[in-house]
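Observations on the model geometry
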Amino acid sequence: MQFTDRVAIVTGAGGGLGRAYALELARRGARVIVNDPGGARDGAGGSGAADAVVAEIAAAGGTALADHGSVTDMDAMAAMAALALDRFGRIDILINNAGILRDRSFANMTPADFDAVVAVHLTGTANATRAVWGTMRAQGYGRILMTASSSGLFGNFGQANYGAAKLGIVGLARTLHLEGAKYDIRVNTLAPTAGTRMTQDILPEQAFAALTPESVVPAAVFLVSENAPAGAIVGAGAGVFQSAYVTLTPGIRLSGDTLSAEGVAAHWAAITDRHGEIVPGSGAEQALSILRQLG
Ligand code: NAI
């Protein structure tokens, strides 16, 4: 799988998973914008983390440029896209990977902790995507990888802010998958599990060692390649690759006296029976599945 002549932007690529994605894309011939302001795990401060990754890529014979803009700043994201176009002439790939953590139980989570995490993950993903969307539409080609998390898909204690933002990203990805299809913009979502600074005090030591960022990279690279699928939600960690779905049971239609809270309670087993469940391709498909039951 070669990326010669392709231009990729990876946000939050100064360390962890983003660094590993940037190194591998560059190794396969892509010219890469390594975005990262280089702050701490909670987003505070800044450093030259992006420059160090650019130097690593250059030392390995690849081509990369650093960008220190924050994904929370739309103007900075527009400048990042302009840098890619100015220096490399196109933008084929965006990996939205930037992230911070401010874990606390919901009872102890301040509104500021909630907003900061949503700003980086959800709004930041929308900002970086908005910055490249017009270019990808105009050139009739784009590959965008979103980064969700098991916390968003399934919930995780102490991560109400993070989980909300991460499932928000899935909704964004599903919609952009539909809107981008006719321009050959393929939007996929990755829910990684990796030993990085984000998880070093969460994962047991042995699991941390097995869950290398490099073992997630093959999924990311495939999902931004020319023959990538579209609209997929992929789990990846330690070389295990999975696919996640949002499903819908057939349900039942209640009427007359049963169209009541008591009726829902009485039919709960039928409503939640998973036999014949579907994976709607869009919100409209759920509406259609309801209308079909009108008889
Ligand atoms: P990491 O902390 O090593 O990497 C995140 C990078 O994002 C850092 O280099 C950081 O400087 C950068 N960043 C933070 N705020 C930014 C901003 N405003 N603008 C641009 N860059 C910013 O952590 P890791 O694990 O590599 O995380 C990468 C992505 O994967 C994140 O979105 C994270 O939520 C997600 N993820 C990671 C999991 C894991 O097991 N490591 C699990 C599920 C999701």
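Analysis parameters
- Residues numbered from 1 in each chain as written.
- Predicted model: local features only at pLDDT ≥ 70, side-chain atom pairs only at ≥ 80, totals over all residues.
- Heavy atoms only, no water.
- Helix = DSSP H or I, 4+ residues; strand = E, 2+ residues; numbered from the N terminus.
- Rg over C-alpha atoms; globule rule 2.2 N^0.38 Å.
- Buried < 20%, exposed > 50% of the residue type's maximum accessible area, 1.4 Å probe, protein only.
- Areas by Shrake-Rupley, 256 points an atom, 1.4 Å probe, with all protein chains shown as cover.
- Lys, Arg positive; Asp, Glu negative; His and termini not counted.
- Charge placed at Lys NZ, Arg CZ, Asp CG, Glu CD.
- Pairing = 2+ DSSP bridges.
- Right-handed = clockwise from strand over helix to strand, strands pointing away.
- Patch = residues over 30% accessible without salt bridge, like charges linked within 9 Å, V, L, I, M, F, W, Y side chains within 5 Å.
- Salt bridge = Lys/Arg side-chain N within 4 Å of Asp/Glu carboxyl O.
- Polar contact = N/O pair within 3.5 Å; in protein donor to acceptor, adjacent residues only side chain to side chain.

Moving on, we get to the overall build of the chain. Along its length, the chain carries eleven helices and eight strands. Relative to the globule expectation of 19 Å for 295 residues, the C-alpha radius of gyration of the chain, 21 Å, shows essentially globular dimensions. For the chain, the C-alpha atoms occupy an extent of roughly 70 × 45 × 35 Å along the three principal directions. Relative to its 295 residues, the chain shows a buried fraction of 45%. As presented, the chain carries roughly 14,100 Å² of accessible surface, and 56% of it is formed by carbon and sulfur atoms. A gap of 6 Å separates the mean positions of the 21 positive and 25 negative side-chain charges of the chain.

Our next topic: the pairing of strand 1 (residues 7–10). Residues V7 and I9 of strand 1 are buried on one face, and the alternating residues A8 and V10, pointing to the opposite face, are buried as well. Here strand 1 pairs with strand 2 (residues 31–35) via four bridges, running parallel. Its bridge partner being in strand 2, V7 is matched across the sheet by R31. As a crossover connection, the stretch from strand 1 through helix 1 (residues 16–27) into strand 2 is right-handed. Relative to strand 4 (residues 93–95), strand 1 is paired through three bridges, and the arrangement is parallel. In the sheet register, A8 faces strand 4, and the bridge partner there is I93.

A separate point is a nonpolar patch on the surface. Taken together, the side chains of L288, I290, L291 and L294 present a nonpolar region at the surface, about 380 Å² in accessible area. In this structure, L291 sits in helix 11 (residues 283–291).

Moving on, we come to the pairing of strand 2. A large share of strand 2 lies buried, amounting to four of its five residues. Relative to strand 3 (residues 63–67), strand 2 is paired through five bridges, and the arrangement is parallel. Bridge assignment links I33 to a residue of strand 3, and that residue is L65. Of the crossover connections in this fold, the one passing from strand 2 over helix 2 (residues 49–59) to the parallel strand 3 is right-handed.

Turning our eyes to something else, we now look at the side chain of N97. The topology assignment puts N97 in the loop between strand 4 and helix 4 (111–139). The exposure class assigned to N97 is buried, which follows from its relative accessible area of 11%. Separated by 3.0 Å, the side chain of N97 and the backbone oxygen of G12 make a polar contact.

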